[in-house]
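Here are the chains, one letter per residue:
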Amino acid sequence: MERTESFQLVATPHIIFGSGAIEQAGQWSARLGSKALLVTGRSSLRRSGWLDEIVSNLSDHGVAATVFEGAEPEPSVNMVQAGCEMLWEADCDLVIAVGGGSSLDVGKAIGALAGESGEAAEYQRGRQITELGVPIIAVPTTSGTGSEVTPNAVLIDQERGVKASLRGQGLIPHVAIVDPQLTLTLPPAATAFAGIDAFTQALEGFTSTGANLVTDKFAAEALVHLAGAIRTAYSDGEDLAAREHMSLGSLLAGIGFASSRLGLVHGLAHPVGIASGQPHGRVCGLLLPHVIDFNLEAAQEKYARAARLVGITGDSDDEAAALSLHDWVTQLVEDLPIGQSLSDLGINEEDLEPMIAPAMASGSTRHNPRGVTEHELRQFLEQML
Ligand SMILES: [Fe+2]
């Protein structure tokens, strides 16, 4: 008998998935605290009516909510600092983050830093989080980032012009409530961007050098749900079944890559996102076919498996099957409002050089199935212009 592989899995302890799951927000909150800081984005949750519903559900269970509204699409350390101050002032013992990836990241960072005395910017620069924060409940309203189950929050420090992850066990939510109904009002472009981000995360998690037998199960299952539903969710946002598959796929991809880590798309996504100001998902979608092409030989067997899993091909030849995945993804990206080249994102030649160092330093780049040199990265970016 062959020995088994060793592995580690980081996971959110309580995951409640399904349409209607949001009704459990109050009872879960009451188990964890009595005063919640409810962190959300600019106004969509209020406009959709969900904010009032959630606040009233919390109140029914004896939990008072202080609403911290206005998480930006690309959240900053200053925003997290402002949220921490609101949490301390209102004496909150729990954070409930409801929204897209950025709202969840802001909420997670606030919860994780609630016991710390330093400024949020110091922790983004690498200072260790040593004090216990407050418990976090994460409720995604997009199906994309998987942030509800990951131990990091992506934040921008405008003063330094750096986009980087705050990482640590304290950032993992205690509870993830994933209710696909909350994604029904997400507009088509945002659905496409979040969806292709989730698909990229599933595929990069699957091919990462940090992948193991358990993360592979999550990534593989995620790929099937996402590939099967992304076009329908984009063209008919009210199709609840498609939304359910997208939410499930995004969640499963998140559980996988929280442990396996990602690859070159995500290594480049931060610097390209900073230079272009474009949404993370759009940037990932644009980079994905190019990165698959770059990795084609190194990740051939995994790409071939992915292609067969999602039903793109039945070809038993790995080279042909991997190529069919590349072509399928290229077509998918063309069918979504993403663009094909870096110039489509408004990036010029002079923007490229500053991207090299942060992309090379990224943990995602280090987990890419094909090792990348600075020279190769420079060439890769030039070809993508
Ligand atoms: Fe992503």
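Relevant structure appears above.
The structure reproduced in this document is the subject of the present report. (Residues numbered from 1 in each chain as written. Predicted model: local features only at pLDDT ≥ 70, side-chain atom pairs only at ≥ 80, totals over all residues. Heavy atoms only, no water.)

So, the environment of Ser-76
At step 1: Note that Ser-76 resides in the loop between strand 3 (64-69) and helix 4 (77-89).
At step 2: Taking C-alpha positions, Ser-76 is 43 Å from Thr-4, a pair spaced 72 residues apart along the chain.
At step 3: The residues contacting Ser-76, other than those within four sequence positions of it, are Leu-155, Ile-156 and Gln-158. (Helix = DSSP H or I, 4+ residues; strand = E, 2+ residues; numbered from the N terminus. Contact = heavy atoms within 4.5 Å.)

Topic: the sheet that holds strand 8 (residues 175-178)
At step 1: Taken together, the six strands give an open sheet; going across it, the order is 1-8-5-4-2-3, and neighbouring strands pair in parallel fashion. The open sheet has two free edges, formed respectively by strand 1 (14-17) and strand 3, since each of these has just one partner strand. With direction set aside, neighbouring strand axes in the sheet form an average angle of 15 degrees.
At step 2: By the bridge criterion, five bridges tie strand 4 (residues 94-99) to strand 5 (residues 136-140) in an arrangement that is parallel. (Pairing = 2+ DSSP bridges. Axes fitted to C-alpha atoms, helices over the stretch in contact; angles between N-to-C directions.)

Topic: unusual backbone geometry
Comment: phi is negative for the bulk of residues other than glycine, and the bulk of peptide bonds are trans.
At step 1: Non-glycine residue Asp-91 carries a positive phi angle of around 55 degrees.
At step 2: In this structure, Asp-91 sits in the loop between helix 4 and strand 4.
At step 3: The phi dihedral of Arg-261 falls on the positive side, at around 70 degrees, and the residue is not glycine.
At step 4: Note on placement: Arg-261 falls in the loop between helix 9 (240-260) and helix 10 (264-276).

Details of the coordination of the iron ion
At step 1: Looking at the iron ion, one finds its protein donor set to be Asp-197 (OD), Gln-201 (OE1), His-266 (NE2) and His-280 (NE2), positioned 2.1 to 2.2 Å from the metal centre.
At step 2: Of note is the iron ion, whose four donor atoms meet at the metal with angles of 88 to 155 degrees in an arrangement that counts as irregular.
At step 3: Sequence positions of the donors to the iron ion reduce to the motif D-x3-Q-x64-H-x13-H. Of this pair, Gln-201 sits in helix 7 (residues 188-207) while His-280 sits in helix 11 (residues 280-295), placing them 79 residues apart in sequence. (Donors = N, O, S within 2.8 Å, 3.2 Å for Na, K, Ca; no water. Tetrahedral: all angles 85-135°; square planar, octahedral: opposite > 155°, others 65-115°.)

Shape descriptors only; they carry no functional weight alone.
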